[in-house]
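Coordinates in review
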Amino acid sequence: MSNAINPKLPKSVDPYKLAEQHTVLEGEVPTGALLRFREAVMGLDDNAVCSVRLSFRMDPERRRVVSGELAAPAQLQCQRCMGPMQVTLRSHFELGLVTSDEQAQRLPQSLEPFLTNDFNANLWFMVEDELLLVLPPFPLHERDECPAREDLEALEPGGNAGKPARKSAENPFSVLAGLKNTKH
């Protein structure tokens, strides 16, 4: 491993060997290298990295398990104001290493399957999957921080939306009633 303070997480490993040795890996993955993730967010800083910690082990039933946590900065689009918002995505996960769908179906509900080749797992793919899973479906600024806050307050009862409310209280068919009474 590198002597760097935050080494790059290896891209490919033998997860079964790591599980048998109860190995812990820590490192970073450049988020710009994660194509599906990059397309799913509004933006990423050029030097943004995902900090990752993975613990490989065998559970009492001799299943190979990887527990992990990660954190990555990203820019998402607020669905209220449609503006950019900076967030830090975080995930804690526990995966069962499997080589087939049949093995995946036998995992307990507490474990999500991670499909690997016989002695090869792409850790960056695992990290990218977890980042995609923790993306909020409707990202929103905190209410007090959102540029659309004034518009929201105007729409609340007792807000400054009195003028539109009066217009909507008028009967839209009142013009037709006037035409009905007019003779041509």
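In this text, all values refer to a predicted model and were calculated from it rather than measured experimentally.

This paragraph deals with the sheet that holds strand 4 (residues 64–77). Taking strand neighbours across the sheet as the criterion, the five strands line up as 2-3-4-5-6 in an open arrangement whose pairing is mixed. Looking along the sheet, the strands with just one partner apiece sit at the ends: strand 2 (24–30) and strand 6 (112–115). Taking the axes of each pair of neighbouring strands and ignoring which way they run, one obtains an average angle of 35° across the sheet. Judged from the eight bridges that link them, strand 3 (residues 49–58) and strand 4 form a sheet pairing that is antiparallel. Each bridged residue has a counterpart across the sheet, and for Arg 57 the counterpart in strand 4 is Val 65.

All right, on to a nonpolar patch on the surface then. Judged by side-chain polarity, Phe 173, Leu 176 and Leu 179 come together as a nonpolar surface patch covering roughly 340 Å² of accessible area. You can see Leu 176 is positioned in helix 7 (residues 174–181).

Glancing now at the layout of surface pockets. By volume, the largest pocket is sized at about 160 Å³. Around the largest pocket sit Phe 93, Glu 94, Leu 95, Glu 112, Pro 113, Phe 114, Leu 115, Phe 125, Met 126, Asp 129, Glu 130 and Leu 133, which together line it. Of all the elements in the fold, those that place two or more residues in the lining of the largest pocket are strand 5 (84–98), strand 6 and helix 4 (123–134). Per-element tally for the lining of the largest pocket: the top contributor is helix 4, with five residues.

What counts as what
- Residues take numbers from 1 onward in each chain, read along the sequence in its written order.
- Per-residue local features of the predicted model are confined to residues with pLDDT of at least 70, and side-chain atom pairs are confined, for both listing and counting, to 80 or more; whole-chain, interface and lining totals are unaffected and use all residues.
- In computing side-chain values, all of the structure's heavy atoms are included and hydrogens and water are not.
- DSSP bridges decide pairing: two strands pair if at least two such bridges lie between them.
- Only runs of H or I of at least four residues qualify as helices and only runs of E of at least two qualify as strands under DSSP, and these elements are numbered from the N terminus.
- For helices, the fitted axis covers only the stretch in contact; all axes are lines through C-alpha atoms, and the angles between them, taken along N-to-C directions, range from 0 to 180 degrees.
- Put simply, a patch holds well-exposed residues, over 30% relative accessible area, that have no salt bridge, with like charges counted together within 9 Å and Val, Leu, Ile, Met, Phe, Trp or Tyr side chains within 5 Å.
- Using a 1.4 Å probe, the Shrake-Rupley method yields the accessible areas, and only the shown protein chains count as cover for residues.
- For this analysis, a salt bridge means a side-chain nitrogen from Lys or Arg found within 4 Å of a carboxyl oxygen belonging to Asp or Glu.
- The way it works is a 1 Å grid over only the protein atoms, where trapped points that fit a 1.4 Å probe form a cavity and open points with protein on both sides within 12 Å along at least five of seven lines form a pocket, and then any residue with an atom within 4 Å of a point lines it.
- Grid points are joined across faces, edges and corners, and a volume is the space filled by probe spheres set on the points.

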